[in-house]
Amino acid sequence: MKFKRNTQAIVRLAADKSNQARRRVVESINELQRTGAAINFNTVCTAARVSKTFLYDPKHSDLAQRIRSLRQVTPKLSTSVRTNSNKSDSAKDAQIARFKERTRALELEVRLLKEENELLYGKLSTRNP
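Predicted, not measured: the structure shown is a model, and the values here were computed from it.

J.: Honestly, unusual backbone geometry in this entry has me stumped. Any pointers?
T.: We note that Arg 49 has phi near 55°; this positive angle belongs to a residue other than glycine. Residue classification places Arg 49 among the exposed positions, given a relative accessible area of 61%.

Quick look at the structure:
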């Protein structure tokens, strides 16, 4: 006896799952735009909880094209500005102090090396008449 397989339910469920993922991607793109966050394949995949393979699939080429166009429009500095603004004032002050100390040490090293160079040039000039 041969059974005829009924795959209609599986196909319908797979299509529903794909439609839900598309909806999440569109909502995520809109949310990223609204907040001014960087829009690229990584951020959209993370926000929408989909794989990159899903976005690169030819069935969803319209979504990939939208991400590509928005990726070029979105300023790339938005994430670094947001990260720096989260630092506390004391952390910033400590970092500034470290930079100033490092600058002082480098300036001292440069001054000593210049003096050493002058001495060496003086010795060379006395050797070669």
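J.: Mind showing me how you'd approach helix α1 (residues 8–35) here?
T.: One turn of the α-helix equals 3.6 residues, which is why residues spaced by three or four share an orientation. An ideal rise of 1.5 Å per residue puts 40 Å on 28 residues; α1 measures up with 41 Å between its terminal C-alpha atoms. Against the buried residues of α1 lie α2 (41–48), α3 (52–56) and α4 (61–73). Taken from the residues just after α1, Gly 36 is the one with a positive phi, measuring 80°.

J.: Where do I start with the nonpolar core in this structure?
T.: Counting residues in each nonpolar core, the largest one holds 17 residues, and the members touching the most others are Val 25, Val 44, Val 50, Phe 54, Leu 55 and Ile 67. Elements that contribute at least two residues to this core include exactly α1, α2, α3 and α4. Not counting residues up to four positions away in its chain, the partners in contact with Val 25 are Val 44, Ala 48, Val 50, Phe 54, Leu 55 and Leu 63.

Calculation notes
Residues numbered from 1 in each chain as written. Predicted model: local features only at pLDDT ≥ 70, side-chain atom pairs only at ≥ 80, totals over all residues. Heavy atoms only, no water. Buried < 20%, exposed > 50% of the residue type's maximum accessible area, 1.4 Å probe, protein only. Helix = DSSP H or I, 4+ residues; strand = E, 2+ residues; numbered from the N terminus. Expected span 1.5 Å × (residues − 1). Contact = heavy atoms within 4.5 Å. Core = buried A, V, L, I, M, F, W, Y, C linked by side-chain atoms within 4.5 Å.

Structural measurements only, silent on function.
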